[in-house]
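What follows is the residue order along each chain.
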Amino acid sequence: MINKKRNIILFSVLGFALLLMFFLDISFGSVTIPFKEVYTSLTGGNASKSTWEYIIINYRLPKAITAVLVGVGLSISGLLMQTLFRNPLAGPDVLGLSSGAILAVAIVILGAGFLPLFLNEIVVSAYGIVVASTLGSIAVLLLVLLVAQRLRNTMAILIVGLMFGSFTSAIVGILTYFSSAEQLQKFTFWSLGNLGNLPWTSILVLAVCVVFGLFLSMSSIKPLNALLLGENYAKSMGLNYKKARLIIIFATSILAGSITAFAGPIAFIGLAVPHIAKLTFQTSNHAVLYWSTFFYGAIIMLFCDIASQCPGLDTTLPINAITSIIGAPVVVWLLMKKRNFQ
């Protein structure tokens, strides 16, 4: 009863913090807009300046929504992977999906110089990069599902994902060695991640993918609780282990693959956020962890976006740099408290 009341209070605080961070993310930026004007625009009114309203509705609001989708999707997929592999350092990229997307984008950007000029412009466009990233993630997804069907050992799937990541890194290294400075700059900017510049149509597609992935992961809450004590225990409880594993892998693939396609590779969120949720709520029940990870993912991603904008300055830092600055100390701290991993 005490834990239930405590959880209600914590979730209420997280709900309020999410709304506050969402509002602050829209309010802060290189252009100073009064809070009252932001509130007026968001509630359907007209801001006193048309430029303010344009910035809020067409730039900051889409970016804030993207931040929520990215934070929630990566955090939940990280929770799924950590439970499935029973590895506290597992993240959404352990299956190699991000590596597949990175390789496809590297081939498009760094290898576009070998194409005719008119094809080069089409392929290296924003939509061309999204399509390439999506196809790369799907190709790895099919490979992982094929491996999952053939291998009984879950750790073998983890090793396959890590080996594929090493393989793609080598190919990307070869491509970068033969690329021009302009191509390298474009690829580097993409790899640093970007929450802005997404049109509403792209945000809608991303939202559909994330919601579908969240629905699949939500249906896996009971299997995840059974998997906490190992594969054999889960099977003894009547769990169809092979089916549950495929659903969890597919949900993670949808979440991580779609986010990488539209926002680029975002580091540490999927790895660090589930641990923050576990430390705060002090439970292993995924019915609680799922929603705490959901809220923390959105809040932390919005905070990172605010920090990346350097409020009051014209400078905007790469989102990946901010997530790494916040996430890396958390992971190091977890390593220092190794006894909690056992």
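Counting of residues starts from 1 at the beginning of each chain's written sequence and follows it residue by residue. For this predicted model, a pLDDT threshold of at least 70 governs which residues receive local features, and a threshold of 80 or more governs which side-chain atom pairs are given and counted, while totals over whole chains, interfaces and linings are taken from all residues. The side-chain numbers reported here are obtained from all heavy atoms of the structure, hydrogens and water having been left aside.

**Observations regarding helix α3 (residues 50-84)**
A run of H or I in DSSP counts as a helix once it spans at least four residues, and a run of E counts as a strand once it spans at least two, with each numbered from the N terminus. Here the expected length of a helix is defined as 1.5 Å per residue gap, with one fewer gap than residues. Helix length check: α3, at 35 residues, gives a terminal C-alpha distance of 50 Å against a target of 51 Å (1.5 Å per residue), a fit within 8%. Think of it this way: the bend at a residue is just the angle between two axes, each fitted to seven residues, one set ending at that residue and the other starting at it. Residue Ile-56 marks the point of greatest curvature in α3, where the axis turns by about 35 degrees. The rule is simple: take the accessible area with a 1.4 Å probe, protein chains only, and divide by the maximum for that residue type; under 20% is buried, over 50% is exposed, in between is partly exposed. Counting buried positions along α3 gives 25 out of 35 residues, so the element sits mostly inside the fold. One or two steps after α3, the chain reaches Arg-86, where phi turns positive at roughly 50 degrees.

**Remarks on the packing of α3 against helix α12 (residues 241-263)**
Angle between the axes and distance between the axes: these two values describe a pair of packed helices. Simply put, an axis is a line fit to the C-alpha atoms, just over the touching stretch for a helix, and the angle between two N-to-C directions goes from 0 to 180 degrees. Following both chains from N to C, one finds α3 and α12 inclined at 145 degrees, their axes separated by 9 Å at the closest point. Crossing geometry of α3 relative to α12 is assigned as left-handed. Counting all contacts with α3, which are made through Leu-69, Val-70, Gly-73, Leu-74, Ile-76, Ser-77, Leu-80, Met-81 and Leu-84, the residues of α12 involved are Arg-245, Ile-248, Ile-249, Ala-251, Thr-252, Leu-255, Ala-256, Ile-259 and Ala-263. In this classification, Asp, Glu, Lys and Arg are treated as charged, Ala, Val, Leu, Ile, Met, Phe, Trp, Tyr, Cys and Pro as nonpolar, and every other residue, Gly included, as polar. The class makeup of the residues in the contact of α3 with α12 is 14 nonpolar, three polar and one charged. Take the far helix as the reference: if the near one is turned anticlockwise from it by less than a right angle, the crossing is left-handed, and if turned clockwise, right-handed. Note on definitions: a residue-residue contact is assigned when non-hydrogen atoms from the two residues lie within 4.5 Å.

**A few points about the packing of aromatic side chains**
Stacked, tilted and edge-to-face pairs are distinguished by plane angle, under 30 degrees for stacked and over 60 for edge-to-face with tilted covering the rest, among Phe, Tyr and Trp rings (Trp via its six-membered ring) whose centres lie within 6.5 Å. Here the structure, examined in full by the defined rule, presents 11 aromatic pairs. Look at Phe-11 and Phe-295: their rings are 6.1 Å apart centre to centre, the planes differ by 55 degrees, and that puts the pair in the tilted class. On the criterion of sequence distance, the pair formed by Phe-11 in helix α1 (residues 2-27) and Phe-295 in helix α14 (residues 286-308) is long-range, its members being 284 residues apart. Arranged with centres 5.1 Å apart and planes meeting at 80 degrees, the rings of Tyr-290 and Trp-291 form a pair that is edge-to-face. Residue Trp-291 is classed as partly exposed on the basis of its relative accessible area of 33%. Through a chain of ring-to-ring contacts, the aromatic side chains of Phe-11, Phe-281, Tyr-290, Trp-291, Phe-294 and Phe-295 assemble into a single cluster.

**Here's the deal with the pattern of salt bridges**
Salt bridges are defined by distance alone: a side-chain nitrogen of Lys or Arg within 4 Å of a carboxyl oxygen of Asp or Glu. Evaluated as defined, the whole model comprises one salt bridge. The salt bridge partner of Lys-63 is Asp-305, with a shortest N-O separation of 3.0 Å. With a gap of 242 residues between them, Lys-63 in helix α3 and Asp-305 in helix α14 connect regions that are remote in the sequence. The same class applies to Lys-63 as to Asp-305, namely buried.

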